[in-house]
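Listed below, chain by chain, are the residues.
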Amino acid sequence: MTHQLRYEVNCSILFTELPLLERPAAVKAAGFDAVEFWWPFAEAVPADKDVDAFVAAVRAADVQLVGLNFFAGDMPGGDRGLVSWPARSAEFRDNIDVTVGIGEQLGCTAFNALYGNRVDGVAAEEQDELGAENLALAARAAARIGGTVLVEPVSGADRYPLLTAADALAVVDRAGEANIGLLADLYHLAVNGDDVDAVIAQHAARVAHVQIADAPGRNEPGTGDLPLERQLTALEAAGYRGWVGLEYKPATTSADSFGWLPRERRSAAAATH
């Protein structure tokens, strides 16, 4: 039995050979109906014209935006979010309404709040108190449009404190708002040594979004040894009905990297329950 979950494409890691605003159309040409993005601008509060151009590009491509990250700092430089970072908390707060506003324009209701690395000179407890406060602020803003804030365990960032689903859920619980959920990136969880099957069995009801890549390598499914198909089937059987974000580094070109997924399985209409 194979699952019928819907796939969508992360345009911040796929189609990077194209300018950002051309990527949604490339996703549509590859047969998909939905996209997600990391924060697509260089600053927390971009110019209105830049926001308008982004919104127009997604609409023109006729794809649905289903996931958007809050501003997370300089990701290539090693930043992994501002939520729990005292020196940059104000930037995160300034970014909340911009992010939710883009979501409102494009019908996107899932917003990933990368938690932030541990910083020198600040107690972990102090960072976690701030993190809970900022996540609650973001969640209340997202709630105005029926949105959900996502908290994600991440691999490959030495000072990022959320490695397992349990780490992330503890943060969710501390923030205390009903519309904060777990972003289960099956790649990050596996690479960090979490028991992904146990996470699905125990916490599927708290999974608000799913992303995948294979390991080792973080390339497309089939290039590594993760049992992604089985795990997605288990998630669906446990009640997950959301999207599956393809957040992998293509081993070939982006367009060619979808060879593992038959074209008839790429459109949202193909997935039915």
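Below is a short write-up of the structure.

Calculation notes
- Residues numbered from 1 in each chain as written.
- Predicted model: local features only at pLDDT ≥ 70, side-chain atom pairs only at ≥ 80, totals over all residues.
- Heavy atoms only, no water.
- Axes fitted to C-alpha atoms, helices over the stretch in contact; angles between N-to-C directions.
- Helix = DSSP H or I, 4+ residues; strand = E, 2+ residues; numbered from the N terminus.
- Parallel < 35°, antiparallel > 145°, perpendicular 65-115°, else oblique.
- Left-handed = near helix turned anticlockwise from the far one by under 90°.
- Contact = heavy atoms within 4.5 Å.
- Nonpolar A, V, L, I, M, F, W, Y, C, P; charged D, E, K, R; others polar.
- Buried < 20%, exposed > 50% of the residue type's maximum accessible area, 1.4 Å probe, protein only.
- Polar contact = N/O pair within 3.5 Å; in protein donor to acceptor, adjacent residues only side chain to side chain.
- Pairing = 2+ DSSP bridges.
- Right-handed = clockwise from strand over helix to strand, strands pointing away.

## With respect to the packing of helix H3 (residues 89–106) against helix H4 (residues 124–143)
- Where H3 meets H4, the axes come as close as 9 Å, and the angle between the chain directions of the two elements is 15 degrees. With respect to H4, the element H3 is oriented roughly parallel. Handedness of the H3/H4 crossing: right-handed. Residues Ser89, Phe92, Arg93, Ile96, Asp97 and Val100 of H3 lie in contact with H4, whose contacting residues are Leu130, Glu133, Asn134, Leu137, Ala138, Ala141 and Ala142.
- Tallied by class, the residues present in the contact of H3 with H4 amount to eight nonpolar, two polar and three charged.

## Focus on the environment of aspartate 33
- Take aspartate 33: it is sitting in the loop between helix H1 (23–29) and strand S2 (34–37).
- The exposure class of aspartate 33 is partly exposed, given its relative accessible area of 21%.
- In sequence terms aspartate 33 and serine 155 are 122 residues apart; their C-alpha atoms lie 28 Å from each other.
- Leaving out residues up to four positions away in the same chain, aspartate 33 has contacts with Lys28, Asp62, Val63, Gln64, Arg266, Ser267, Ala268 and Ala269.
- A polar atom in the side chain of aspartate 33 sits 3.2 Å from the side chain of lysine 28.

## Remarks on the pairing of strand S7 (residues 207–212)
- Extensive coverage of S7 is indicated by the burial of five of its six residues.
- Relative to S7, strand S6 (residues 180–185) runs parallel, the two sharing four bridges. Residue pairing for S7: leucine 182 is matched across the bridge by valine 207.
- By the bridge criterion, three bridges tie S7 to strand S8 (residues 243–246) in an arrangement that is parallel. Across the sheet, residue isoleucine 212 finds its bridge partner in S8, namely leucine 246.
- Running through helix H8 (residues 228–237), the crossover from S7 to the neighbouring parallel element S8 is right-handed.

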